[in-house]
Amino acid sequence: MSKVHDVAVVGAGPAGLAAATTTTSMGLATVVIDDSPSPGGQIFRAITTTPLRRPEVLGRDYWRGADLVRPFRPCGAEYLPATTVWAVARRGDGAFDLGVSAGRPGARIGGFFAARTLIVAVGAIERPLPFPGWTLPGVMTAGAIQGLLKSSALVPSGSIVLAGAGPLLWLAAWQLTNAGVRVDRVLETIPRGRLAEAMRHAPGFMFSGYLARGLDLVRTVRRRVPVVEHVEALHASGEGRVRRLRFAVAGTWSEAPVDVLVLSHGVVPNIHLPAALGCDLAWNRERSAFQPVADAWGGTSVEGVFVAGDGAGIAGVDAAAARGRLAGLAVANALGRIDGARRDAEASKPRQALAHALRGRPFIDALYRPAEAFLRPDGETIVCRCEEVTAAAVRAAVRTGAVTVAEVKAATRCGMGPCQGRSCLHTLAELVAAERGVTPADVGVPSIRFPVRPVTLAEVASWPAHAVAGAREERDAGRP
């Protein structure tokens, strides 16, 4: 029987690093399992290994990630980089078995770890921006562009256009221009009147840390790059790769050449692991996304499973770190390492940090809420790029009797490809809701089962017999 850790932290971004540093400080045996080859998550990707020699390219906020990595290194947690969790099963003693795929040089291909509790800190994934031509080669997300810049100091060339809405769009434009890249234009898809709607949340935003940083970012980009506002529609085309981009403003179409089209439509919680574990999910109306149902400590509907960071709800890096510390304290209390009084006392500072980090979020969420035209595409626009399912096919399935996300998924195979719905799940929910005349909260939560990542038969075969039995019992009990 393998060693049973007190806690397994899945993800080494701001929340995971803060959680692991907290649990190890309480004397808990902690293992941290992370997809990336180095700690930092997406926001601080390659913070310890980036080849960039000019700190100003990525900006001060990026280098703050070193403050989270520094205490993590010597904290004593077992750290498994370049390792993916693909399955979890409850053991007879109440602990969890985690099936993992390891991509580290010299590491075994697959294996498993055991832990009494889980902190799922898997962060966010980018929301797709579906429109005709968005699946062409040469069309990339802002996160992908940032990943290449941070990890390899690579930048795009040719005619470059950024399109979408949200802080990540402006940050990507700012970082690219800092790196000396010429950006042809930024196409912002915020609808007219949206700023006026968001102004009711302005007081909290003005006294948050977002205002000064955001204004400086946007003003700098506007000085460097032509910005087109209130873009209502996009249409990319080209033979073999993207070459042209048409965009509409106030019903008038314009066209521009493009070699690299960078899209950002905001981010949504990465819900696949919590959902497969059986954690309850809910629709967040303000952010147009599913997220796990969690209490103030990150505790979920599944005993022993906690969520932290943007995977628990989009709130930014400072909130993620605070939530990681709170989840770490909750685990220490749940395992009897500290009592409730000490947990509550030590939670004071992270709770203050979390409250401050959340002050400006309502304004940001209201301003950058995706336009309905992009949330709910129509016609032959691809929704599920893995299975090449169109918006028309999804809508037709609803009209012929499929009334939930699960039923439409079964009828069309939307969300059943290699990405398992990571790119299309939210668009699918929006389309089903649109056809039924209800909200996405009324169309059923996603049904996600293990494995949550593609695995080989050899890895499945390495799954221990007692874990297979546990998974079968949970399936027979009606849980994922």
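Here the structure is shown first, and the text comes after it.
From a predicted model like this one, the values you see are computed outputs, not experimental measurements. (Residues numbered from 1 in each chain as written. Predicted model: local features only at pLDDT ≥ 70, side-chain atom pairs only at ≥ 80, totals over all residues. Heavy atoms only, no water.)

Asks: How do you make sense of the packing of helix α1 (residues 14-25) against helix α10 (residues 317-334) when you look at a structure like this?
Replies: Axis angle and axis distance: for two packed helices, these are the angle between their axes and the distance between the axes, and together they describe the pair. At a minimum axis distance of 7 Å, the contact between α1 and α10 shows a crossing angle of 30°. Taken together, the axes of α1 and α10 are roughly parallel relative to one another. Pair α1 / α10 crosses with right-handed handedness. Mapping the contact onto sequence places Pro14, Ala15, Ala18, Ala19, Thr22 and Thr23 in α1 and Val317, Ala320, Ala321, Gly324, Arg325, Gly328 and Leu329 in α10. Residues of the contact of α1 with α10, tallied by class, amount to eight nonpolar, four polar and one charged. (Axes fitted to C-alpha atoms, helices over the stretch in contact; angles between N-to-C directions. Helix = DSSP H or I, 4+ residues; strand = E, 2+ residues; numbered from the N terminus. Parallel < 35°, antiparallel > 145°, perpendicular 65-115°, else oblique. Left-handed = near helix turned anticlockwise from the far one by under 90°. Contact = heavy atoms within 4.5 Å. Nonpolar A, V, L, I, M, F, W, Y, C, P; charged D, E, K, R; others polar.)

Asks: Can you help me understand the sheet that holds strand β12 (residues 231-237) in this one?
Replies: Hydrogen bonds between backbone groups are what pair the strands of a sheet, and the pairing can be parallel or antiparallel. The antiparallel open sheet is built from three strands, whose spatial order is β12-β13-β14. The open sheet has two free edges, formed respectively by β12 and β14 (252-257), since each of these has just one partner strand. On average, each strand axis in the sheet is tilted by 20° relative to the strand beside it, whichever way the strands run. Here strand β13 (residues 244-249) pairs with β14 via six bridges, running antiparallel. By the bridge assignment for β14, leucine 245 is matched with alanine 256. (Pairing = 2+ DSSP bridges.)

Asks: Help me out: how do you make sense of the pattern of salt bridges in this one?
Replies: Note that side chains of opposite charge can pair when their charged atoms are close. According to the stated counting rule, one finds 24 salt bridges in the structure shown. Among the ionic pairs, aspartate 35 bridges to arginine 453, the shortest N-O distance being 3.2 Å. One end of the pair, aspartate 35, is in the loop between β2 (30-33) and α2 (60-63); the other, arginine 453, is in the loop between α17 (425-436) and α18 (457-461), and 418 residues separate them in sequence. Judged by relative accessible area, which is 40%, aspartate 35 ranks as partly exposed. On the basis of relative accessibility, which here comes to 29%, the residue arginine 453 falls in the partly exposed class. For arginine 285, the salt bridge identified is with glutamate 286, shortest N-O distance 3.2 Å. Judged by relative accessible area, glutamate 286 falls into the partly exposed class, the value being 45%. (Salt bridge = Lys/Arg side-chain N within 4 Å of Asp/Glu carboxyl O. Buried < 20%, exposed > 50% of the residue type's maximum accessible area, 1.4 Å probe, protein only.)

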